[in-house]
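# Coordinate inspection notes
Chain by chain, the residues run as shown.
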Amino acid sequence: MKMIFWFSYKMLLGNLRRALFPFLGVTAGVTALIMALAIGAGGEKIISKNLSAMGDNRIMLGGEEMSQKDIKLLENYPFVEYTMFPQARALERNNVFIAYPQKALRTLGLKELKDREVIVDRSQFPDKKPGDKIEVIFSNGRQTFVVADTYIEENPFELMKQGNRIIISQNYFERLFGKYRFREMIVSFDKNEDVEEILPFLLKKFNDERRGYGQIRVLETPEVYKRVVKIQKLVRNTLGVLAIISIAVGGVGIMSLISSGIRARTNHIGILRSIGMPKEDVVKVFLMEGIIISIVGTFTGIIVGIVGSVIGGKVIMIPPVFLVGKIILAIIFALLVGVGMGIFPAKKAGNMSIIDALKED
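A quick note: this is a predicted structure, and the numbers were derived from the prediction, not measured. Residue positions are given per chain, counted from 1 along the sequence in the order it is written. Local features are withheld for residues below a pLDDT of 70 in this predicted model, meaning they are given only at 70 or higher, and side-chain atom pairs are given and counted only at 80 or more; totals for whole chains, interfaces and linings count all residues. Side-chain calculation: all heavy atoms of the structure are included, whereas hydrogens and water are not.

## Considering the overall build of the chain
- In DSSP terms, a helix is any run of H or I states spanning at least four residues, a strand is any run of E spanning at least two, and both are numbered starting from the N terminus. Helix and strand counts for the chain stand at twelve helices and ten strands.
- The proportion of buried residues among the 361 residues of the chain is 47%.
- Methods summary: accessible areas were calculated by the Shrake-Rupley approach with a probe of 1.4 Å, and residue burial reflects only the protein chains presented. If you sum the accessible surface of the chain, you get close to 19200 Å²; carbon and sulfur atoms cover 60% of it. Relative accessible area decides the class of each residue, using a 1.4 Å probe on protein chains only: under 20% of the type maximum gives buried, over 50% gives exposed, and in between gives partly exposed.

Structure below.
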C-alpha cells in the first residue's frame, strides 16, 4: 500500500495543473455544503427559538392615531399577550431607543422598567451588567441611564437595522421624545390562538370601544411573517443543490484527471505490468490519485466552509450552527463522489493488456 501511495503521490506532483481543477471543485462543493448547512441551521434556530420575534402569531394594526389608551384596551382581551408600537423608536447618534409597554416586557421575560432604566443588547454592550450606568449623548446634551437588564436580540428583522439597541418603557419614551401618537400597532397573541378566527371579533370590538376615534384596519397577518420561513427554506435548499452540483463537478474533474493521466502514462502502465505489478495494483495507483484529491479537497473545504460560515453569518446576522452529524455525512458524500467518479477510468487502466500499453507512444 505504501508503494501504491508513493506512485500516486509522484503522479500528482507531476500533474499539479491538471489536479487543480478537481481539487477546487471538491473544495468549493464541500465549502458550499457546510455553509448551506450551518447558516441554514442557524436561521432555523432563530426561527424556532424566537418565533414570536418573527411574528409567528402576531398581527399589525393601522390607524390614523393610536395611543397608550389603545394598548390598555387590547391588553384587557384575554387572548392578547402584549401590544407595542413599532414606530415608538428614536435614533440618537448611533443609539436607537425602543419603547416597550410593561406587559410586553413581562411577556418577553424582561424586567419592568422605571424612568431612566434601560435594557441593552449584550452583543452591543458586552461590558454592561444590571446596575451599571450608561451615558448617552443627545442633541441637547448628555443623559445617564441605569442598566436594569440585558438581553440578546434574535429577531433578524431587528438585527438588520442600524444602531445600538436600548429598550426603555413606553411611558418614559413618550416623555423623553415627546411622541404620544402612532399609526401602527403590533398585537401578539397566545401561540395556541387561531388569529384568523378571532380577528373579525377583535376588530369589531376594538373599533366599538374606541368610540369613533378613526377606524382601525389590519395591515399584516401572521401569513406575511410565515412567508419568511418559506423563503429561508427555499434559499437553504437552493444552496444545497448548488453545493451538490459543485461536488459533482469536482468528481467529474477527478475522473478527467485520472483519464488524462492514463493516456499520458500508457507506456508507464505497460512497464509496471511487465515488471510484475498486478492489474489490481495498477487500478489502485490511479484510484489513489482521486482519493488523495478528494481527502485534501474535502478537508480544505471544511476549513474554508467553517471560516466562511462565521464570516457570512456576521454579514447577514445569522449565527451559524454547525451540526456535526450533517457535516460528517457531507464529508462522506464528497469522498464517495470523488472516489466513485475515479473507479471507471482506473479500472480501464488496469484492464489494458501489457502489449497494447507498450505499443502506445
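From this point on, the discussion continues.
## Side note on a nonpolar patch on the surface
- For patch detection, residues must exceed 30% relative accessible area and be free of salt bridges, and they are connected within 9 Å for like charges or within 5 Å for nonpolar side chains (Val, Leu, Ile, Met, Phe, Trp, Tyr). Salt bridges, as used here, are contacts in which a Lys or Arg side-chain nitrogen is within 4 Å of a carboxyl oxygen on Asp or Glu. Judged by side-chain polarity, Ile 303, Val 304, Val 307, Ile 311, Val 315 and Ile 316 come together as a nonpolar surface patch covering roughly 550 Å² of accessible area.
- Secondary-structure assignment places Val 315 in helix α10 (residues 279–316).
- By relative accessible area, which is 64% here, Val 315 ends up exposed.

## Quick look at the packing of aromatic side chains
- Think of it this way: a Phe, Tyr or Trp ring, Trp meaning its six-membered ring, pairs with another when their centres are within 6.5 Å, and the plane angle makes it stacked under 30 degrees, edge-to-face over 60, tilted otherwise. According to the stated counting rule, one finds eleven aromatic pairs in the structure shown.
- Ring geometry for Phe 138 and Phe 177: centres 6.1 Å apart, planes at 40°, overall tilted. Here Phe 177 lies in helix α6 (residues 170–177) and Phe 138 lies in strand β6 (residues 133–138), a separation of 39 residues in the sequence. In this pair, the class of Phe 138 matches that of Phe 177, namely buried.
- Each ring, one from Phe 145 and one from Tyr 172, has its centre 6.4 Å from the other, and the planes form 75°; the classification is edge-to-face. Taken together, the residues Phe 145 in strand β7 (residues 141–151) and Tyr 172 in helix α6 connect sequence positions 27 residues apart.
- Since its relative accessible area comes to 1%, Phe 145 is described here as buried.

## Focus on α6
- Among the residues of α6, Gln 170, Tyr 172, Phe 173, Glu 174 and Phe 177 are the ones counted as buried.
- A positive backbone phi angle near 70° is found at Gly 178, which sits one or two residues after α6.

## Re the nonpolar core
- Only buried Ala, Val, Leu, Ile, Met, Phe, Trp, Tyr and Cys residues count toward a nonpolar core, and they belong to the same one when joined by side-chain atoms within 4.5 Å. Judged by nonpolar contacts, the single largest core of 37 residues is most densely connected at Leu 61 and Phe 189.
- Ranked by the residues each element gives to this core, the list is headed by helix α7 (residues 195–210), at six residues.
- If you look at the next biggest cluster of nonpolar residues, it comprises 15 residues, including Tyr 82, Ile 98, Leu 105 and Ala 148.

## Let's talk about the sheet that holds strand β4 (residues 95–100)
- One bridge is not enough; two strands pair if DSSP finds at least two bridges between them. Sheet architecture is open: six strands sit in the order β3-β4-β8-β5-β7-β6, paired in mixed fashion. At either end of the open sheet lies a strand with only one pairing partner, and these are β3 (89–92) and β6. The average undirected angle you get between the axes of adjacent strands in this sheet is 40°.
- Bridge count for β4 against strand β8 (residues 164–169) is six bridges, and the pairing is parallel. Along β8, the bridge assignment pairs Ala 99 with Ile 168.
- Lying on the sheet, α6 is in contact with β3, β4, β6, β7 and β8; it crosses β8 at an angle near 105°. Helix axes use the C-alpha atoms of the stretch in contact, all axes being lines fitted to C-alpha atoms, and the angles between their N-to-C directions lie in the range 0 to 180 degrees. In this description, contact between two residues means that some pair of their heavy atoms is separated by no more than 4.5 Å.

## Some points on the pairing of strand β2 (residues 80–84)
- Across the five residues that make up β2, a large majority, four, are buried.
- Summarising the sheet, β2 and strand β9 (residues 182–189) pair through four bridges and their orientation is antiparallel. Looking at the pairing, Met 84 lines up with Ile 186 of β9.

## A look at the environment of Gly 312
- Inspection of the secondary structure puts Gly 312 in helix α10.
- On the accessibility criterion, Gly 312 (19% relative accessible area) is buried.

## Here we look at α7
- Helix span, expected: 1.5 Å multiplied by one less than the number of residues in the helix. Between its terminal C-alpha atoms α7 stretches 21 Å, which fits the 22 Å expected from 16 residues at 1.5 Å a residue.
- Fitting axes to the seven residues ending at a residue and to the seven starting there, one defines the bend at that residue as the angle between these axes. Of all the bends in α7, the largest measures some 25° and sits at Phe 201.
- Positive phi shows up at Arg 211, right after α7, with a value of about 60°.

## Looking at the confidence of the model for the chain
- Averaged over the chain, the pLDDT score is 77; the fraction of residues at 70 or greater is 64%.
- Note: pLDDT gives the predictor's confidence per residue, expressed from 0 to 100. For the chain, per-element mean pLDDT is lowest for helix α12 (residues 354–359), which scores 52, and highest for strand β5 (residues 117–121), which scores 96.
- Across residues 50–55, confidence stays below pLDDT 50; counting only partners more than four residues off in sequence or on other chains, it has 15 contacts.

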